Every structure is written in structure tokens, then in C-alpha cells.
Amino acid sequence: MSKKLMLIDGNSIAYRAFFALPLLNNEKGIHTNAVYGFTTMLQKMLQDEKPTHILVAFDAGKTTFRHKTYGEYKGGRQKTPPELSEQFPYIRELLDAYSIPRYELENYEADDIIGTLSLQAEKDGYEVTVVSGDKDLTQLSSKTTTVNITRKGITDIEEYTPEHVMEKWEITPEQIIDMKGLMGDSSDNIPGVPGVGEKTAIKLLKQFETIEKLMESLDEVSGKKLKEKLEENKDQAFMSKELATILREAPVEISLDELTFNGPQDDKLREIFRELGFNSLLEKMGENPESEVEKNLQEIKFDIINEITEEHLATENTLYVEVFEENYHVGEIIGFGLHNEKGTFFFSPEVAQNSPIFAEWAKDENQRKSVYDAKRCIVTLRRLGLDLKGIEFDLLIASYILNPSESADDFASIAKRHGASVIQSDEAFYGKGAKRKIPETAMVAEYLSRKALTISELEKSCIEDLKENNQHELFSELELPLALILAEMEFTGVKVDIKRLKGMKEEIASRLEEIEKKIYKLAGENFNINSPKQLGVILFEKLELPVVKKTKTGYSTSADVLEKLQSKHEIIEYILHYRQLGKLQSTYIEGLLKVIHKDSNKVHTRFNQALTQTGRLSSIDPNLQNIPIRLEEGRKIRQAFVPSKEDWVIFAADYSQIELRVLAHIAKDEKLLHAFKENLDIHTKTAMDVFHVEEKDVTSNMRRQAKAVNFGIVYGISDYGLSQNLGITRKEAGEFINRYFDSYPGVKEYMEEIVQEAKQKGYVTTLLQRRRYIPEITSRNFNIRSFAERTAMNTPIQGSAADIIKKAMIDMAEELVKEGIQAKLLLQVHDELIFEAPKDEIETLKKLVPKVMENALSLDVPLKVDFSYGPTWYDAK
DNA sequence: GCACTCACGC
DNA sequence: GACGTACGTGAGTGCG
């Protein structure tokens with residue numbers, strides 16, 4: 001068998017892993033991202049390359065022989081972050097567990113060890129693979145040595161053979177050092193020749209081959225300036241080349257024979273993985289963390305009951321309701337776990353349904369219930385004809401409020417996070433994929449009892465945590481009451497005009513067919529228009545249209561790209577139209593038809609109340625928060641949403657500029673406050689301020705740009721995002737933003753303060769004390785940190801707006817009852833509420849709805865609500 | 001089953 | 001020099 005040596009640049013890979021992955025923590029608070037990244041990279045390389053010999057080289061001390069040549073070598077480098085330093089001992093342990101030799105050498109860098117051993121190995125007939133994150137190493141590539149450089153992330157690598165080096169830079173591996181000598185390397189502080197970059201260096205090397213030959217024939221260099229620079233920096237160029245040259249004869253005292261790889265010591269490896277909490281890697285090794293859970297389950301006492309009596313009910317209870325499918329509107333109801341001072345009980349839906357005692361207890365406000373996912377419980381009991389009242393604690397919502405980023409909708413992981421006794425995950429209990437099934441009743445009874453017990457186990461500490469965070473009011477006065485309202489909305493559902501939808505389907509199908517034919521004709525062949533891959537080949541290869549943008553996997557064919565190509569080929573407009581109609585057809589018409597309940601012709605969405613990081617709701621199955629409105633063709637979909645009763649209407653009310661009003665309020669910006677108090681057109685006002693013109697001189701283009709800037713402020717987009725939005729350069733977008741801040745100094749000040757606050761506290765809050773933790777705000781990675789800063793600026797704005805409309809929903813529900821109105825709230829779409837109501841209530845709603853919404857919370861600016869109504873959602877515009 | 005691209009809303 | 005950029009949901013393709 002041929003011999004294959006793998007040489008890994010340990011420091012480089014550790015750095016790469018550290019910066020590529022977010023700062024993961026294990027249970028003990030040790031950072032593990034670099035170790036984790038290192039491990040996955042190592043596993044991938046071992047699997048792909050199957051080396052017979054292996055070594056990981058590390059840099060030794062701070063100084064090397066190169067510092068003698070040039071004292072400033074690697075100068076100006078930031079010192080290794082402590083979060084990374086602390087991980088190196090684990091990396092060493094990891095390598096020991098793998099039985100992979102590691103080596104470092106005083107005065108030399110890892111590069112030199114690798115260079116030396118690779119040369120020896122080549123002579124001995126080895127095939128060599130070098131692994132690093134540093135492109136300098138590509139100088140080692142040869143007929144028998146391949147250099148693998150990590151691209152982005154950690155497992156994505158680029159293989160450098162001499163051919164690939166040639167392809168990429170048009171020079172040989174040997175010339176890499178000449179290239180570095182000329183262009184320098186800022187990361188190693190190698191000076192090179194000032195004014196010479198990659199392009200020039202390559203051009204020169206193609207002509208002269210090496211720095212030596214170049215310097216001998218300087219006369220032949222074209223360009224006076226360049227010639228001078230080279231002349232002046234001759235010595236520096238030679239020195240730079242020397243610095244960039246990897247030594248191939250370092251005094252390495254380890255022989256190739258010692259590098260034989262015999263595979264990992266599984267026991268040791270497991271131990272490390274366990275210590276670091278690498279569950280996914282443990283699982284790969286055939287260790288199932290769930291089986292650990294099962295071993296550690298505490299024994300519990302519970303009873304399966306076939307009749308509910310007073311003996312089973314108390315005033316303080318936890319009730320757990322299980323539905324087999326995610327969609328609790330239709331899924332099989334598995335049963336109930338109940339825990340109170342009298343014991344822990346399991347009963348089936350039939351038992352619950354046939355028990356007048358249970359029905360009474362359920363609807364009694366004074367019988368206190370703690371649950372997990374109140375909305376699910378209420379809807380599920382409703383399906384059994386039961387009312388559920390008196391819910392005073394919801395573990396899911398509490399967990400979400402305490403930290404929205406960690407609220408995966410999984411009972412076991414939430415329980416674990418809050419320190420409960422171990423419990424199996426749903427996936428472990430029910431199985432996943434095709435194997436998912438309901439186990440025998442005794443098992444189910446135990447599992448649901450356990451869940452009920454867990455809720456009661458955690459309730460007290462969660463409430464304490466909420467109080468400590470000053471979030472208890474948010475929990476009990478906002479989110480919990482809201483859950484009841486959302487349950488009501490979901491259960492009510494929205495009526496759909498199926499005939500209308502089917503009519504649209506027919507019409508769009510025939511139009512799609514026509515467009516499809518046209519596209520095939522223009523393309524000269526049939527292909528799958530819905531496949532970006534196939535479409536890319538047609539547009540950019542067959543029709544030779546210019547490539548505007550690429551994605552990871554090929555040509556981008558997104559709408560903004562196609563729009564730029566519109567003038568170049570007739571086919572583009574047809575493709576855009578095909579896309580538009582195709583989206584309507586598949587997502588909105590066919591998608592909606594699929595989820596209509598046959599008995600009632602209604603759709604019952606589910607609002608996820610514990611998901612978004614900002615406090616907004618989301619809507620699924622179907623998503624009724626993204627029904628088309630911008631383009632008329634799509635907007636017509638709304639004609640299919642109708643009131644559930646004859647002679648009723650759809651009534652829609654939306655907040656005008658709620659986010660910007662919130663911004664004015666929390667930033668206390670004089671100008672912005674004034675604008676809203678005077679009820680000015682905010683985009684026009686922004687244009688006047690940013691462009692320094694009078695109202696009459698604001699062009700539609702200025703207003704459009706101002707609107708985009710406002711949009712950017714509200715959504716926290718970057719200069720890049722704004723530039724994409726407006727089709728301008730990033731620099732121009734940045735200038736726009738600066739001019740905005742000049743015009744609204746209060747806003748600027750707020751933005752700066754909130755970033756500081758986030759840095760100091762680790763989180764930001766909304767008007768009603770909702771929190772978002774932003775640990776990335778201290779990241780050393782510019783991009784990650786910038787993103788975190790925009791999050792800090794944006795979340796209080798968007799989140800407070802979410803608070804306000806949630807409060808309005810609660811107030812509204814109360815008012816509807818108080819006024820004895822039949823109107824029903826159906827949907828919430830972030831800044832609007834949609835009702836259905838009898839015609840004769842319209843006049844009342846026209847007054848009541850805006851009044852309630854506008855007074856939901858009192859700000860330093862008025863809130864403004866617009867409304868409209870009509871026979872369908874479409875007409876409520 | 002999963003990643004990727006694309007597209008819809010706020 | 002990094003490297004990917006408001007928040008969501010859903011459909012389709014194409015890989016394994």
C-alpha cells in the first residue's frame with residue numbers, strides 16, 4: 001500500500017475554527033468552538049484522505065529565526081484571544097486521544113516543520129497532504145504534495161496542486177515566495193514593495209520569473225513609477241522573499257516512521273467529547289446521549305385513570321396536553337398528564353371528554369393550572385368541547401420571555417435548560433421520520449406524567465427569574481392573556497372562498513402554460529424553468545448573457561439579477577412573470593387549498609408566540625402573515641379570504657409608521673417627535689431633512705430614497721443592505737445613513753447609547769421589558785459585531801412595536817366583550833389587526849378599533865391607526 | 001431528509 | 001483581511 005502523509009498546521013486550523021464558528025460554550029462555561037471546529041475538520045480530512053502517517057505541527061514560542069532577519073516580523077498582530085488560548089490544551093488532548101503525534105520546535109514555525117517533513121516524505125516516495133488555513137503553504141505543492149487550504153467555515157477546503165496554483169495565480173508554486181516578496185503580506189507584517197499588489201506582482205513574475213531575475217533586468221520593466229519603486233525597495237523585496245520562504249531543512253528530530261497513524265483510542269476520545277459536551281460527535285461514535293438520559297430517569301409514581309373524580313382534582317395543578325402532530329388543530333390527541341397534591345395522573349381524551357367533573361374543573365377560573373404551551377392546551381380542549389380557564393403559568397412562554405434565543409420548541413431541552421430532572425426528548429420517545437409512532441399506553445402515561453411533574457418542578461424558579469428580570473408583568477399581563485386570544489383566533493379560523501381560489505388556479509395555470517411555451521421557444525429548448533441550475537445554463541451559457549452575481553453553487557438567477565438583464569434579452573421578462581405567477585400558484589393557491597378544513601372551508605393558522613427574537617408573532621400552516629399585497633396580480637389572492645357569515649365584512653386596521661413613532665419616542669429625537677406630532681408625511685420629511693430641501697422641492701426619487709433609509713433604520717439593515725435596496729454603492733449608502741444621523745442627532749445618540757448598553761448588560765430591552773441577549777456584541781469579528789450592533793439598535797424598536805400591538809389585542813378583546821360586539825379578531829400581521837364583523841357593527845368598529853389601538857400604550861408621540869373594510873380581505877384596503 | 005435558492009410579507 | 005448581512009414561512013430542485 002502506498003504511503004500517505006498528512007501534515008496539519010495546528011495553529012492555523014485552530015485560528016480558523018475559532019473565527020469561523022460562534023463562541024460555543026459547554027456546560028461548564030468553557031469555550032469549545034475552536035476544539036469543535038478542529039475536530040470536525042480533522043474527521044473530515046481523515047475520512048477523505050485516509051492517511052497512513054500523520055502529524056500536527058504547532059508554532060513554538062513568540063520569536064523565530066525570522067525575527068533575526070526582520071524584527072518587525074508578524075508585528076502588529078493582535079495577541080491570541082484568551083477564549084482561544086484556553087482551548088489549546090484541549091486540542092492537544094484531542095490529538096493524543098486520536099494518537100496523532102504533535103510537534104513543535106523552538107525558533108521555528110509550524111510551516112517550517114511541515115516544509116521539512118514534506119520534503120523528506122517526498123524523497124521517500126510518500127504522497128503528502130498539507131492542511132492549513134494559510135495560503136502561503138501553497139508554495140509546498142508539487143507533483144506529490146497537495147496543499148489543502150480551508151476556504152470559508154472549516155470543512156470547506158480548496159485543494160492546491162501545482163496546476164491549481166497556476167490556474168489561480170498564473171504562477172508556479174515556487175514563485176509564490178517571489179509573489180509574497182513583491183506584494184508583501186500584511187497579516188505577517190511582511191513589507192514587500194510598496195505599491196505592488198497581487199496583480200502587478202503576477203505580471204512581473206510572468207515576465208521575469210523570479211525577484212532575482214527581475215532586479216537584474218529592471219530596465220525592461222514598463223512604467224517609470226514601478227521601476228523606481230522596485231529599485232528603491234530592492235533589499236526589502238529580497239528580505240520579504242526570504243521571510244516568506246518556508247524552510248525545508250529545519251532541525252526536525254522526528255522520523256517519518258514515528259508518524260504512523262493507527263487510528264484513535266475511542267475510549268479517550270469519548271471521554272473528551274463528553275467533557276466538552278460534543279453530543280453530535282458522540283452520537284457519530286455510536287454513543288447515544290438519549291440512552292444516558294434513559295438510564296438517569298428518576299422513578300415516578302403515577303396512575304392511569306379511567307374516570308376523573310374529585311379525588312384527582314385540586315386547586316393548584318399542572319396539566320400537560322399532548323397532541324401527536326405539530327398541528328394541534330388536526331393532530332391526534334394522545335392524552336393528558338395531571339399533577340397536583342393528590343397525585344400524578346394520566347387520562348385519555350375520551351375520559352376527559354366524558355367527564356362533567358373535569359369539564360367543570362377545566363372552565364373554573366379559580367382552579368389554577370400550570371401548563372406548557374397554553375395556546376395548544378386551549379385549542380386542544382376546545383376540540384373536545386371543553387373550555388380551559390385559570391391558566392396562570394406557561395413554561396413555554398416563560399422560557400421564551402426569559403430568553404427568546406434559547407426557546408427551541410422542545411419540552412426536554414427547555415426543561416434541561418431550567419434545571420429540571422432529566423426527561424426524554426419527544427424525538428427519543430416517539431421516534432423520528434418513518435419510525436415515529438405512539439408507544440403503548442403505559443409508556444405514554446409515564447411520559448406525560450413526567451412532563452406534568454416537570455412543569456410543576458420548574459414553575460417556582462421560572463417565576464423567580466421573571467421577577468428578577470422585571471419581566472413578570474410582561475409574562476402575566478401581556479403574553480399569557482395574549483395566548484388565550486391567539487387560541488381563540490386560531491380556533492375561529494378564516495373562511496376561504498374555495499371556488500374563487502379554484503377559478504384563479506385554472507386561470508393562472510393556463511397563463512403559466514403560455515408563458516412556459518414562450519420561454520421554451522426563446523430558449524430554443526425545453527428545460528425546467530423552476531430549476532435555478534438549469535435556468536442558469538440557459539441564460540448564461542446558451543444565451544451568453546452577462547453573469548451579474550454568483551451564488552455558492554452557481555449562477556444567481558434572483559429577481560434583482562434578472563431585472564438587470566431585462567434589456568438584454570426578451571426571455572427575461574417572461575421568466576420574471578413566470579416566477580411571479582408560479583409563486584402565486586404553488587404557495588398561495590395550491591398551498592392554501594391544501595390546508596383548508598373540508599368541513600368548514602376555513603383555514604386555521606398557528607401563531608407561534610415563542611419563536612421570534614424580537615417579540616413578533618409568526619404564522620404557519622398556513623402562513624397568513626405573508627399573503628401578497630404589493631402587486632395587484634398577487635393581491636387578488638385576498639379576494640379568497642371572506643367573512644364566515646352572510647352579511648359580514650372584513651375589517652382591517654393598521655398602525656401608521658408604528659416603528660418610526662416608537663423610535664421617536666425612545667430616542668426622544670426632537671425633530672422626529674415634532675414630525676409625528678404634526679402628523680407630517682414622514683418619508684417626505686426625511687427627504688427634506690436629508691437632502692436639505694423644502695417640501696415643494698422633494699422629488700419622487702428623493703422620497704423613495706428617504707423611504708428606503710427609514711426602512712433601513714426600522715429593520716436595522718446595513719449600508720450594504722441599503723445599497724442593495726436602492727441599487728447604489730455601499731459608500732453612497734453609508735453617506736445616506738450618515739446624513740440621516742446628522743439630521744436626527746437624537747436618533748444617532750440613541751443608537752450609540754443602545755450599543756453601549758448592550759455591551760455593558762449583554763442584552764437590550766423593549767418598552768415592556770422584553771429582552772434580547774446579544775453576546776456577539778463583543779465579538780472581534782467585524783461582521784459579527786456589526787450585525788450585533790444593528791440588532792441592538794433595531795430590537796427595541798421592532799420589539800416595542802410588537803409589545804404595543806399585543807397590548808392592543810388584549811385591550812381589544814376586552815372591549816369587544818364589554819361592548820357586547822360580535823366582531824371577531826381573526827389575524828394579526830405585525831402592525832395590523834384583521835377582524836370579521838356583522839355589517840351593522842361597522843360604525844362602532846370605526847370608532848372603537850382605532851381608539852383602542854391608538855391608546856394601547858401612551859408614547860411621547862401619538863399613535864395613528866388607519867382602517868378599512870369590505871366584503872373580502874382584498875376590499876379592506 | 002437536507003441544503004440551497006428563490007419569493008412573499010412586515 | 002476577515003465575509004455576510006432585518007425577521008419570518010414555504011415551495012421547488014437536486015443531492016445523498
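Residues numbered from 1 in each chain as written. Chains lettered and ligands numbered in written order. Predicted model: local features only at pLDDT ≥ 70, side-chain atom pairs only at ≥ 80, totals over all residues. Heavy atoms only, no water.

Chemist: Whenever I open this one, the protein's contact with DNA strand C confuses me. Can you help?
Modeler: Looking at DNA strand C, there are 26 residues lining it, with Ser531, Asp621, Tyr715, Tyr720 and Asn783 nearest. Put simply, 66% of the atoms of DNA strand C that lie within 4 Å of the protein are in sugar or phosphate. At 2.6 Å from a phosphate oxygen of DNA strand C is found a side-chain nitrogen or oxygen belonging to Ser531. Here a base nitrogen of DNA strand C and a side-chain polar atom of Asn626 are 3.4 Å apart. Of all the elements in the fold, those that place two or more residues in the surface near DNA strand C are α25 (532-542), α27 (571-594), β18 (618-620) and α36 (782-818). For the surface near DNA strand C, the per-class residue count stands at 6 nonpolar, 15 polar and 5 charged. (Near = heavy atom within 4 Å. Polar contact = N/O pair within 3.5 Å; in protein donor to acceptor, adjacent residues only side chain to side chain. Helix = DSSP H or I, 4+ residues; strand = E, 2+ residues; numbered from the N terminus. Nonpolar A, V, L, I, M, F, W, Y, C, P; charged D, E, K, R; others polar.)

Chemist: Teacher, can you tell me more about the packing of aromatic side chains here?
Modeler: Remark: the centre distance and the inter-plane angle together describe each pair of aromatic rings, the angle taken between the planes. If you walk through the whole model with that rule in mind, you get 28 aromatic pairs. Their ring planes at 90 degrees and their centres at 4.8 Å tell us that Phe429 and Tyr430 sit as a pair that is edge-to-face. With a relative accessible area of 11%, Phe429 lands in the buried category. A network of ring pairs unites the aromatic residues Phe324, Phe429, Tyr430 and Tyr447 as a single cluster. The ring of Trp648 carries the charged tip of Lys645 above its face, separated from the ring centre by 4.4 Å. Arg771 extends its terminal NZ or CZ atom over the ring of Tyr763, reaching a point 3.9 Å from the ring centre. (Phe/Tyr/Trp six-rings, centres within 6.5 Å; stacked < 30°, edge-to-face > 60°. Buried < 20%, exposed > 50% of the residue type's maximum accessible area, 1.4 Å probe, protein only. Lys NZ or Arg CZ within 6 Å of the ring centre and 35° of its normal.)

Chemist: Where do I start with the pairing of strand β4 (residues 127-132) in this structure?
Modeler: Looking along a regular strand, one sees side chains alternate from face to face of the sheet. Most of β4 is tucked away: 5 of the 6 residues are buried. Pairing between strand β1 (residues 4-9) and β4: 5 bridges, direction parallel. Bridge pairing in β4 links Leu5 to Val128. Pairing analysis gives 5 bridges linking β4 to strand β5 (residues 145-150), with the strands arranged parallel. Note that in β5 the partner of Val131 across the bridge is Asn148. (Pairing = 2+ DSSP bridges.)

Chemist: How should I be thinking about the domain arrangement of chain A in this particular structure?
Modeler: Buried accessible area, meaning the area lost when the parts come together, often serves as the stated size of an interface. The assigned domain composition of chain A is domain 1 (4-176 + 239-259), domain 2 (303-493), domain 3 (498-600) and domain 4 (667-793). The C-alpha-based centres of domain 2 and domain 3 are spaced at 44 Å. (Domains from an automatic or database assignment.)

Chemist: Help me out: how do you make sense of the pairing of strand β9 (residues 333-340) in this one?
Modeler: Within β9, 7 of the 8 residues are buried, leaving the element largely enclosed by the surrounding structure. The pairing of strand β8 (residues 316-323) with β9 spans 7 bridges and is antiparallel. Note that in β9 the partner of Glu322 across the bridge is Gly335. Two successive antiparallel strands, β9 and strand β10 (residues 343-347), enclose a turn made up of 2 residues.

Chemist: Can you help me understand empty space enclosed by the protein in this one?
Modeler: Unoccupied space between atoms shows up once a probe the size of one water molecule is rolled over them. For the structure on display, the rule yields 3 cavities of 30 Å³ or more. Here the largest cavity is characterised by a volume of approximately 60 Å³. Around the largest cavity sit Arg66, Tyr73, Asp111, Asp112, Asp136, Asp188, Ile190, Leu243, Ala244, Thr245 and Ile246, which together line it. Here the residues of the lining of the largest cavity sort into 5 nonpolar, 1 polar and 5 charged. (1 Å grid on protein atoms, 1.4 Å probe; cavity = no way out; pocket = protein on both sides within 12 Å on 5 of 7 lines; lining within 4 Å. Points joined across faces, edges and corners; volume = space filled by probe spheres on them.)

Chemist: It is not clear to me how the sheet that holds strand β16 (residues 602-603) should be interpreted in this structure. Could you clarify?
Modeler: The strands that make up a sheet are held in pairs by hydrogen bonds between backbone atoms, and each pair lies either parallel or antiparallel. With antiparallel pairing, the 3 strands of this open sheet are ordered in space as β16-β13-β19. Strands with a single pairing partner mark the edges of an open sheet, and in this sheet they are β16 and β19 (641-642). Both strand β13 (residues 494-496) and β19 contribute to a ladder of 2 bridges, which runs antiparallel. In the strand pairing of β19, Val496 is matched with Phe641.

Chemist: Explain the nonpolar core here, please?
Modeler: Looking at soluble globular proteins, one finds that nonpolar side chains tend to be buried together. With 187 residues, the main nonpolar core has Phe347, Phe641, Tyr655, Leu663 and Tyr740 as its most contacted residues. Dropping the residues within four chain positions of it, Tyr740 is found in contact with Leu663, Leu672, Thr686, Val690, Val709, Asn710, Ile713 and Val747. Of all hydrophobic cores here, the second largest spans 47 residues; its members include Ala57, Leu105, Ile114 and Val193. (Core = buried A, V, L, I, M, F, W, Y, C linked by side-chain atoms within 4.5 Å. Contact = heavy atoms within 4.5 Å.)

Chemist: Help me understand the UniProt feature "domain: DNA-directed DNA polymerase family A palm" (unreviewed entry) in chain A in this model?
Modeler: The sites that UniProt annotates as "domain: DNA-directed DNA polymerase family A palm" (unreviewed entry) are residues 634-841. Between the C-alpha atoms that bound residues 634-841 there is a distance of 29 Å. The span itself is 59% helix and 13% strand. (UniProt positions renumbered as here; feature names shortened; annotations may be inferred.)

Chemist: Is there a simple way to explain helix α6 (residues 110-123) in this structure?
Modeler: An α-helical segment advances 3.6 residues per turn. Residues three or four places apart therefore align on the same side. The terminal C-alpha atoms of α6 lie 20 Å apart, and with 14 residues this matches the ideal 20 Å at 1.5 Å per residue to within 8%. The buried count for α6 comes to 10 of 14 residues, which makes it a mostly enclosed element. Within the span of α6, buried status applies to Ala110, Asp111, Asp112, Ile113, Ile114, Gly115, Thr116, Leu117, Ser118 and Ala121. The inward-facing, buried residues of α6 contact β1, β2 (53-58), α3 (65-69), β3 (102-104) and β4. Residue Gly125 follows α6 closely and has a positive phi angle near 85 degrees. (Expected span 1.5 Å × (residues − 1).)

Chemist: I would appreciate a short explanation of a negative patch on the surface in the present structure.
Modeler: A cluster of like negative charges, contributed by Asp219, Glu220, Glu228, Glu231 and Glu232, occupies part of the molecular surface. By the secondary structure assignment, Glu228 is in helix α11 (residues 224-232). (Patch = residues over 30% accessible without salt bridge, like charges linked within 9 Å, V, L, I, M, F, W, Y side chains within 5 Å. Areas by Shrake-Rupley, 256 points an atom, 1.4 Å probe, with all protein chains shown as cover. Salt bridge = Lys/Arg side-chain N within 4 Å of Asp/Glu carboxyl O. Lys, Arg positive; Asp, Glu negative; His and termini not counted. Charge placed at Lys NZ, Arg CZ, Asp CG, Glu CD.)

Chemist: So what exactly am I meant to see when it comes to the state of the cysteines here?
Modeler: Joining two cysteines, a disulfide is a covalent bond between their sulfur atoms. Considering all chains together, one arrives at 0 disulfides under this definition. Summary of cysteine pairing: Cys462 is not part of a disulfide, and the nearest cysteine sulfur, belonging to Cys377, is at 16 Å. (Disulfide = S-S within 2.5 Å.)

Chemist: Looking at this structure, I do not really get the protein's contact with DNA strand B. What am I missing?
Modeler: Around DNA strand B, the structure places 23 residues, and the nearest of them are Thr557, Arg579, Asn626, Ile629 and Arg630. Considering the 4 Å shell around the protein, atoms of DNA strand B inside it are sugar or phosphate in 83% of instances. Within the side chain of Thr551, one N or O atom sits 3.2 Å away from a phosphate oxygen of DNA strand B. The side chain of Asp831 places a nitrogen or oxygen atom 3.4 Å from a sugar or linking oxygen of DNA strand B.

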